[in-house]
Amino acid sequence: MSSSAGNDLIKSSQRGVFKLAEGYKFRLQKLLDIRKDFEDKSKFKFKEAQSEKNIVEDELNKLKEKYKIHRNIDAYQSVIQQKIKQNYLNALTFAIDETAVALEDKEEILEKNRKELKQCQVEKKTVEILKENQKSAFLKEQNSIEQKNNDEFALYAFIRNHR
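Nothing here was measured: the structure is a model prediction, and the numbers come from that model.

Here the focus is helix α2 (residues 29–70). Its 42 residues place the ends of α2 61 Å apart at the C-alpha level, agreeing with the 62 Å of an ideal helix rising 1.5 Å per residue. Among all positions in α2, only Leu32, Glu39, Ser42, Phe46, Ala49, Lys53, Val56, Leu60 and Leu63 are buried. Lining the buried residues of α2 we find α3 (79–161).

Printed below as a string of structure tokens:
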């Protein structure tokens, strides 16, 4: 066997390892895909809850701002105007209280969704780490096989050249 033939064998051997590395198939890929889907759905729910909370928070701030603007009842206004303004302030106070309660509810929902998202991320990351570890072990094994093949080729070449 000529040295160029030996080199061809080594090159084909090396290409084979790359093909094997590309051909690595993770047995739990479907589980990983499911976990990624759960994480995506959880992210969507979290963003939705965050958006709803922000809307309620903005509404509460607007109501508080209106209350600040109208809270002073002027003595020079007529009794009817003062009464109308007082009723308006009472309605604003009631709306502020209701919105504050709604905001607390939205914050609780947001926190629940945050915990759910975190749990989904942990579960997905666990499977990803498992995949990385298995792929690393697979590549290590393939490199070992390649090294043994290269050692054999070198030994055969050495024996042929020294006969």
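The subject of this paragraph is the pattern of salt bridges. Under the defined criterion, the tally for this structure stands at 6 salt bridges. Salt-bridge contacts for Glu39 lead to Lys124; the nearest nitrogen and oxygen are separated by 2.9 Å. A residue pair is termed long-range when its members are at least 10 positions apart, and Glu39 in helix α2 and Lys124 in helix α3 qualify at 85 residues. For Lys124, a relative accessible area of 15% corresponds to the buried category. Ionic pairing is found between Lys45 and Glu116, a salt bridge with its closest N-O pair at 3.3 Å. Note that Lys45 is positioned in helix α2 and Glu116 in helix α3, a separation of 71 residues in sequence. Residues joined by salt bridges that share partners form a network here, namely Glu39, Lys124 and Glu128.

Turning to the environment of Glu108, a few remarks are in order. Counting through the fold element by element, Glu108 comes out in helix α3. With a relative accessible area of 55%, Glu108 lands in the exposed category. Taking the C-alpha atoms as reference points, Glu108 and Ala49, 59 residues apart in sequence, are found 9.7 Å from one another.

To continue, consider the confidence of the model for the protein chain. With 87% of its residues at a pLDDT of at least 70, the protein chain reaches an overall mean of 87. The least confident element of the protein chain is helix α1 (residues 3–22), whose mean pLDDT is 47; the most confident is α2, at 96. Contacts of residues 1–21 to residues separated by more than four positions or lying in other chains number 19 contacts, the stretch itself having pLDDT below 50.

This brings us to a negative patch on the surface. Taken together, Glu104, Asp105, Glu107 and Glu108 make up a surface patch of like negative charges. By the element assignment, Glu107 lies in helix α3.

A cluster of nonpolar side chains, namely Leu155, Tyr156, Phe158 and Ile159, defines an oily patch on the protein surface of about 390 Å² accessible area. Along the chain, Leu155 falls in helix α3.

Looking now at the nonpolar core. With 7 residues, the main nonpolar core is built from Val56, Leu60, Leu63, Leu89, Leu92, Ile96 and Leu103. The set of elements that each furnish at least two residues to this core consists of α2 and α3. No other element matches the 4 residues that α3 contributes to this core. Look past the residues within four positions of Ile96 in its chain and what remains in contact with it is Leu60, Leu63, Lys64 and Tyr67.

It is worth spelling out the packing of aromatic side chains at this point. Taken as a whole, this structure holds 1 aromatic pair when the rule is applied. Ring centres 5.2 Å apart and planes at 45 degrees place the aromatic pair Tyr24 and Phe138 in the tilted group. Of this pair, Tyr24 sits in the loop between α1 and α2 while Phe138 sits in helix α3; the two residues are 114 residues apart in sequence, bridging distant segments of the chain. Residue Tyr24 is classed as buried on the basis of its relative accessible area of 17%.

Procedures and definitions
- Residues numbered from 1 in each chain as written.
- Predicted model: local features only at pLDDT ≥ 70, side-chain atom pairs only at ≥ 80, totals over all residues.
- Heavy atoms only, no water.
- Helix = DSSP H or I, 4+ residues; strand = E, 2+ residues; numbered from the N terminus.
- Expected span 1.5 Å × (residues − 1).
- Buried < 20%, exposed > 50% of the residue type's maximum accessible area, 1.4 Å probe, protein only.
- Contact = heavy atoms within 4.5 Å.
- Salt bridge = Lys/Arg side-chain N within 4 Å of Asp/Glu carboxyl O.
- pLDDT = per-residue confidence, 0-100.
- Patch = residues over 30% accessible without salt bridge, like charges linked within 9 Å, V, L, I, M, F, W, Y side chains within 5 Å.
- Areas by Shrake-Rupley, 256 points an atom, 1.4 Å probe, with all protein chains shown as cover.
- Lys, Arg positive; Asp, Glu negative; His and termini not counted.
- Charge placed at Lys NZ, Arg CZ, Asp CG, Glu CD.
- Core = buried A, V, L, I, M, F, W, Y, C linked by side-chain atoms within 4.5 Å.
- Phe/Tyr/Trp six-rings, centres within 6.5 Å; stacked < 30°, edge-to-face > 60°.

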